[in-house]
Amino acid sequence: MHLLGITVALGLLGGIWAQLNVLRPECDSPEAEEAALVAQDYLNAQHTHGYKYALNRIEEIKIYTVPDGNNTHVLEIELLETDCHVLDPTPVANCTVRPKHLTAIEGDCDVVLKKVAGVLTVTAFKCKTEESREDVCLGCATLLPLNHTQGLNFVQASLTKLNNVTQNLTYALLEVGRMSTQVVAGGRKYITEFVIIEASCVNDTCVPLNDTTAARGICTSEGINDPSVNCKMFSTMMPIVDANTTGPALPPQVHVHLGSVSHKHGFGHHKLTAHHNPHTSGYLSAESAESAEVVPVVPALTIPAAEPANASPPAGDSSSDASASMEVPITVVKREAPIVASASAAQKDNVAPVQVCPGRIRFF
């Protein structure tokens, strides 16, 4: 009977493992790169404030395979903020990653993608965004909170100066992108980036045009008292093209700040969208933006201990001692080893028997 119980239990486990196969390709493999770039573009599309982010490194990838071929990819990726605003139609591949001495912003994201009929689609994600604390530059400009009073006053002075030199067109403030300060000879210099939008003015009252056709642009300004302002209009840049269509796409929807330029939060940067459906995916945890993957757990089966063929039971409670020494459940539920049937099967599926992760660093 004991032998029959072991046979049945192992048969059930075999059926479970057949349904739950975890592959771990190399983090720099074409398959991982494809999934990471899909995740990057999706996250940028969900990011409605601040700047676009570029893929810096693939930290880990797992592929949960099922018999119907609709596999699930779970990635951990690192992103870096670029100098392209989310309204900027420039492709993220052509954007410049903000260097460390200008206070780089890092985004760490866990992303779940479903592959159906060869097409990858993001189903869930969670992200954590923070300033890079490496290689702090003494004497360099430091970020200010986006609700910093003096910084916002400098932005408003910059906007006023811009409107004083434009003809037949008035701009309103759409969003403050970044503000920083640096102590130089002569005092404290402010360096700001802000997005402007065409406004409709009646007498002395101007209201931002809440219209997708309204002119938009990004301005940089710096100075101690009198700001030096330089602006680029998005309409003069590369046209917005949706990769899934053949025609132009509408720009991302960004909230228009009416009247006040103040921000409620005191962060020095715009954060990536924190999460989307992490609890419904079954692979992510919604409690924290830290990596906390929750994978489907194979149920541990209680397998009766088989009596030794040529040994008599010791004195005392023999059943208790046998159960205590039985290690089969521990062996069969171990999860973290890569599941590769054989070397030939690994070559066929282009999956390395030993995962090479994390992947290469693209910027720093």
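The structure this text deals with has already been given above.
No experiment lies behind these values; they were computed from the predicted model shown.

Trainee: Help me understand the state of the cysteines in this model?
Mentor: By definition, a disulfide is the covalent link that joins the sulfur atoms of two cysteine residues. Within this structure, the stated rule accounts for 5 disulfides. In this model, C27 is linked to C357 through a disulfide, with the two sulfur atoms separated by 1.8 Å. Torsion about the S-S bond of the C27 and C357 cystine: about 100°, corresponding to right-handed handedness. Residue C27 is found in the loop between β1 (21–23) and α2 (30–46), and its partner C357 is found in the segment after α7 (343–348); the two are separated by 330 residues along the sequence. Take C357: its relative accessible area is 27%, and that puts it in the partly exposed class. Covalently, C109 is tied to C127 through a disulfide, its sulfur atoms 2.1 Å apart. Taking the sign of the torsion about the S-S bond as the criterion, the disulfide between C109 and C127, at about 115°, is right-handed.

Trainee: What's the story with the nonpolar core in this structure? I'm lost.
Mentor: Most often, soluble globular proteins have nonpolar side chains that are buried together. The biggest cluster of nonpolar side chains holds 24 residues, and the ones touching the most others in it are L43, I77 and V111. Put simply, the parts of the chain that give this core at least two residues each are α2, β2 (51–65), β3 (72–85), β4 (105–116) and β5 (119–131). Setting aside anything within four residues of it in sequence, one finds L43 in contact with I77, L79, C109, V111, F125 and C127. Core analysis: the next-biggest nonpolar cluster, separate from the first, contains 17 residues, Y171, V176, M179 and M233 among them.

Parameters and conventions
Residues numbered from 1 in each chain as written. Predicted model: local features only at pLDDT ≥ 70, side-chain atom pairs only at ≥ 80, totals over all residues. Heavy atoms only, no water. Disulfide = S-S within 2.5 Å. Helix = DSSP H or I, 4+ residues; strand = E, 2+ residues; numbered from the N terminus. Buried < 20%, exposed > 50% of the residue type's maximum accessible area, 1.4 Å probe, protein only. Core = buried A, V, L, I, M, F, W, Y, C linked by side-chain atoms within 4.5 Å. Contact = heavy atoms within 4.5 Å.

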